[in-house]
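Chain by chain, the residues:
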2 protein chains.
Amino acid sequence: MAGVEAIEQLTHQLSRLPGIGRKTAQRLAFHIVSMPEEEVRELAVAIFNGKKKVHFCPVCGNLTDMETCSVCSDPSRDQSIVCVVKDARDVNAMERIRDYNGLYHVLGGVISPMDGVGPDDIRIRELMSRLGSGSIKEVVLATNPDVEGEATASYISRLIKPMGIRVTRIAHGVPVGGELEYTDEITLMRAFQGRREV
Amino acid sequence: MAGVEAIEQLTHQLSRLPGIGRKTAQRLAFHIVSMPEEEVRELAVAIFNGKKKVHFCPVCGNLTDMETCSVCSDPSRDQSIVCVVKDARDVNAMERIRDYNGLYHVLGGVISPMDGVGPDDIRIRELMSRLGSGSIKEVVLATNPDVEGEATASYISRLIKPMGIRVTRIAHGVPVGGELEYTDEITLMRAFQGRREV
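Remember, predicted model here, so these are calculated numbers, not experimental data.

What counts, and where the lines are drawn
- Residues numbered from 1 in each chain as written.
- Chains lettered and ligands numbered in written order.
- Predicted model: local features only at pLDDT ≥ 70, side-chain atom pairs only at ≥ 80, totals over all residues.
- Heavy atoms only, no water.
- Helix = DSSP H or I, 4+ residues; strand = E, 2+ residues; numbered from the N terminus.
- Buried < 20%, exposed > 50% of the residue type's maximum accessible area, 1.4 Å probe, protein only.
- Contact = heavy atoms within 4.5 Å.
- Areas by Shrake-Rupley, 256 points an atom, 1.4 Å probe, with all protein chains shown as cover.
- Lys, Arg positive; Asp, Glu negative; His and termini not counted.
- Charge placed at Lys NZ, Arg CZ, Asp CG, Glu CD.
- Buried area = accessible area lost by both parts, 1.4 Å probe.
- Salt bridge = Lys/Arg side-chain N within 4 Å of Asp/Glu carboxyl O.
- Polar contact = N/O pair within 3.5 Å; in protein donor to acceptor, adjacent residues only side chain to side chain.
- Least-squares fit on C-alpha atoms with pLDDT ≥ 70 in both.
- Axes fitted to C-alpha atoms, helices over the stretch in contact; angles between N-to-C directions.
- Left-handed = near helix turned anticlockwise from the far one by under 90°.
- Nonpolar A, V, L, I, M, F, W, Y, C, P; charged D, E, K, R; others polar.
- Expected span 1.5 Å × (residues − 1).
- Arc of directions from axis to C-beta.
- Core = buried A, V, L, I, M, F, W, Y, C linked by side-chain atoms within 4.5 Å.
- Pairing = 2+ DSSP bridges.
- Right-handed = clockwise from strand over helix to strand, strands pointing away.

A.B. asks: How should I be thinking about the overall build of chain A in this particular structure?
C.D. replies: Across its full length, chain A carries seven helices and six strands. Reading the helices (α) and strands (β) of chain A from amino to carboxyl end gives α-α-α-β-β-β-α-β-α-β-α-β-α. For chain A, the C-alpha atoms occupy an extent of roughly 65 × 45 × 35 Å along the three principal directions. A burial count over chain A gives 41% of its 198 residues as buried. Restricting the contact set of chain A to residue pairs at least 6 apart, pairs at least 24 apart contribute 47%. Working note: accessible area of chain A is about 11,100 Å², and carbon and sulfur atoms make up 54% of it. Side-chain charges of chain A comprise 24 positive and 27 negative groups, with the mean position of each set lying 3 Å from the other.

Shown next as structure tokens:
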């Protein structure tokens, strides 16, 4: 706000967050200065602690505030299957389906020559070294169904197949609840190609 | 994120902000834990300072980090005209037009029986006591052109008119750049009623 340095500063900091434009940042800033002091303190502390306590799991690359993440440190998880995802948010999405009981490997990105990200810039080497132990029987490639995700999945599958480990890719198709009429051609093509006997 | 208390906590705090749903809060939380520590510290400090340093101007109710706000403490502003607005954000909007050089009075809300807000719950009494000093010649009612804003403006104008002070209301009409075809009936009616000779 014109003339109020502390609000200007707060607006500036908030507008650096993804998806928060100048107007939204200003609206949030005005809201924050009107919040009870205790709530503001809780917010600031949560932000600071979030950063301070959370780090990457040294095994799978997932986010955790423990030594290794909750999945890696859970002995009841199936140690023979690893689901490879782009980032920790995808682990979250997979865990929500409550149907997968294996391990994860978080790449921390996907191969994207346009953005200067090559195979050595994401955690592929770490994946290969985990596979070297011999206990993993299947790798599920669950990168996004976009150009970079496909390229990354195909790159990794070429590396793993010679090791005799089963490599699978999540299915692409018409989303549940979706309508054929509004489905783009590529998704529909994938849905057709992936058809199964009923 | 499932199992990471610090991220859950951060997501919860962020989702309490207006316009930030659970999904956006989670996206922001993941972004924040991936930010450089220095940037996170800056964000947390800006939030905390925003609250700590900013308070209401004792004269007009605007937000400020000084004793009185930048408008009230500026002797070059026209002390004979007061623009009455709902909240500090509206002061900001008015200042952007760079055409108004008078003072403000921030009500901190509008009369809204539905929400249990009566005339005594907003800063009307403070406005009346400012007017009592005799130096103010015109009050511009710039509350929003909605039901509550209109009701508040009409309530205040009834209080002030007997004092012999000029009371005006900002014009309602078709927005500049707007099209008649897409203008709602009430705005169009106001635009018609407010027509002026050219």
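A.B. asks: Help me understand the interface of chain B and chain A in this model?
C.D. replies: The figure often quoted for interface size is the accessible area lost as the parts come together. On the side of chain A, 51 residues touch chain B, which itself brings 51 residues to the contact. Between chain B and chain A, the buried area comes to about 4,700 Å², and carbon and sulfur atoms account for 69% of it. The largest contributions to the chain B side of the interface with chain A come from Ile-47, Lys-51 and Asn-92 of chain B, which together make up 13% of the buried area. Linking chain B with chain A are four salt bridges, by the criterion used here. Residue Arg-16 of chain A is joined to Glu-39 of chain B by a salt bridge in which the shortest nitrogen-to-oxygen separation is 3.4 Å. Run the count over chain B and chain A and you get 18 residue pairs in polar contact (both at pLDDT 80 or more).

A.B. asks: I'm lost on the environment of Asn-144 of chain A in this one. Help?
C.D. replies: Residue and element names in this part refer to chain A. Mapped onto the secondary structure, Asn-144 falls in the loop between β5 (138-141) and α6 (147-160). In sequence terms Asn-144 and Arg-77 are 67 residues apart; their C-alpha atoms lie 24 Å from each other. The contacts of Asn-144, once residues within four sequence positions are left out, are Lys-86, Gly-149, Glu-150 and Arg-169.

A.B. asks: Would you mind going over the relation of the copies chain B and chain A with me for this structure?
C.D. replies: Between the two copies of the chain lies a rotation about an axis combined with a shift along it. Of the two same-sequence chains, chain B is brought onto chain A (RMSD 0.1 Å, axial shift 0.1 Å) by a rotation of 180 degrees. Classification of the inter-copy transformation places it as that of a two-fold axis. Considering only C-alpha atoms, the residue of chain B closest to the rotation axis is Ala-44 of chain B, which sits at 2.3 Å.

A.B. asks: Can you walk me through the side chain of His-172 of chain B in this structure?
C.D. replies: Checked against the element boundaries, His-172 of chain B lands in the loop between β6 (166-169) and α7 (185-193). If we skip the residues at most four places from it in the chain, His-172 of chain B touches Pro-145, Glu-150, Arg-190 and Ala-191 of chain B.

A.B. asks: What is the right way to read the packing of helix α5 (residues 124-131) of chain A against α6 of chain A from this model?
C.D. replies: Residue and element names in this part refer to chain A. The interhelical angle for the contact between α5 and α6, taken along N-to-C directions, is 30 degrees, at an axis separation of 11 Å. Note on packing geometry: the crossing formed by α5 with α6 is right-handed. Every residue of α6 that contacts α5 at Ile-124, Leu-127, Met-128 and Leu-131 is listed here: Tyr-155, Ile-156, Leu-159 and Ile-160. For the contact of α5 with α6, a count of residues per class yields eight nonpolar, no polar and no charged.

A.B. asks: Please clarify how helix α6 (residues 147-160) of chain B should be interpreted in this entry.
C.D. replies: Each α-helix winds once per 3.6 residues, and so residues spaced three or four apart point in a common direction. Residue and element names in this part refer to chain B. Along its 14 residues, α6 runs 20 Å from first to last C-alpha, staying within 8% of the 20 Å computed at 1.5 Å per residue. Along α6, the positions that sit buried rather than exposed are Gly-149, Thr-152, Ala-153, Ile-156, Ser-157 and Ile-160. One face of α6 carries all of its buried residues, which in axial projection span an arc of 130 degrees. Seen from the buried face of α6, the exposed residues on the opposite side, beyond 90 degrees, are Val-147 and Arg-158. Looking at the packing, one finds that the buried side of α6 touches β3 (81-85), α5 (124-131), β5 (138-141) and β6.

A.B. asks: Just checking my understanding: could you explain the nonpolar core for this structure?
C.D. replies: Inside soluble globular proteins, nonpolar side chains tend to come together where they are buried. Grouped together as the largest cluster of nonpolar side chains are 44 residues, with contacts concentrated most on Leu-14, Ile-32 and Ile-47 of chain A together with Leu-14, Ile-32 and Ile-47 of chain B. Secondary structure elements with two or more residues in this core: α1 (5-14), α2 (22-34) and α3 (37-53) of chain A together with α1 (5-14), α2 (22-34) and α3 (37-53) of chain B. The contact partners of Leu-14 of chain A, leaving out residues within four places of it in the chain, are Ile-20, Ala-25, Leu-28, Ala-29 and Ile-32 of chain A together with Leu-43 of chain B.

A.B. asks: I would appreciate a short explanation of the sheet that holds strand β6 (residues 166-169) of chain A in the present structure.
C.D. replies: Hydrogen bonding along the main chain pairs the strands of a sheet, whether they run parallel or antiparallel. Residues and elements named next belong to chain A. Read across the open sheet, the four strands follow the order β4-β3-β5-β6; overall the sheet is parallel. Edge positions in the open sheet fall to β4 (103-106) and β6, since each of these has one partner strand only. The sheet shows a mean angle of 25 degrees between the axes of neighbouring strands, direction not considered. Bridging between β5 and β6 involves four bridges; their strand directions are parallel. Pairing of Val-140 across the sheet is with Thr-168, part of β6. α5 contacts β3 (81-85), β4 and β5 of the sheet and is inclined by roughly 150 degrees relative to β4. α6 contacts β3, β5 and β6 of the sheet and is inclined by roughly 170 degrees relative to β6.

A.B. asks: Just checking my understanding: could you explain the pairing of β5 of chain A for this structure?
C.D. replies: Put simply, side chains in a regular strand alternate between the two faces of the sheet. Residue and element names in this part refer to chain A. Every second residue of β5 is oriented toward a common face, with Glu-138 and Val-140 on one face and Val-139 and Leu-141 on the other, all of them buried. As defined by bridge partners, β3 adjoins β5 across four bridges and the pair is classed as parallel. Paired with Cys-83 across the strands is Val-140, a residue of β5. Note that the unit made of β5, α6 and β6 has a crossover that is right-handed.

A.B. asks: Before we go on, may I ask you to explain the environment of Asp-146 of chain A in this structure?
C.D. replies: All names here are of chain A. Position of Asp-146 relative to the elements: it lies in the loop between β5 and α6. With a relative accessible area of 34%, Asp-146 lands in the partly exposed category. C-alpha separation for the pair Asp-146 and Asn-62, spaced 84 residues apart in sequence, amounts to 22 Å. Of note is the side chain of Asp-146, whose polar atom sits 2.8 Å from the backbone nitrogen of Gly-149.

Function cannot be read off these values alone, since they describe shape.
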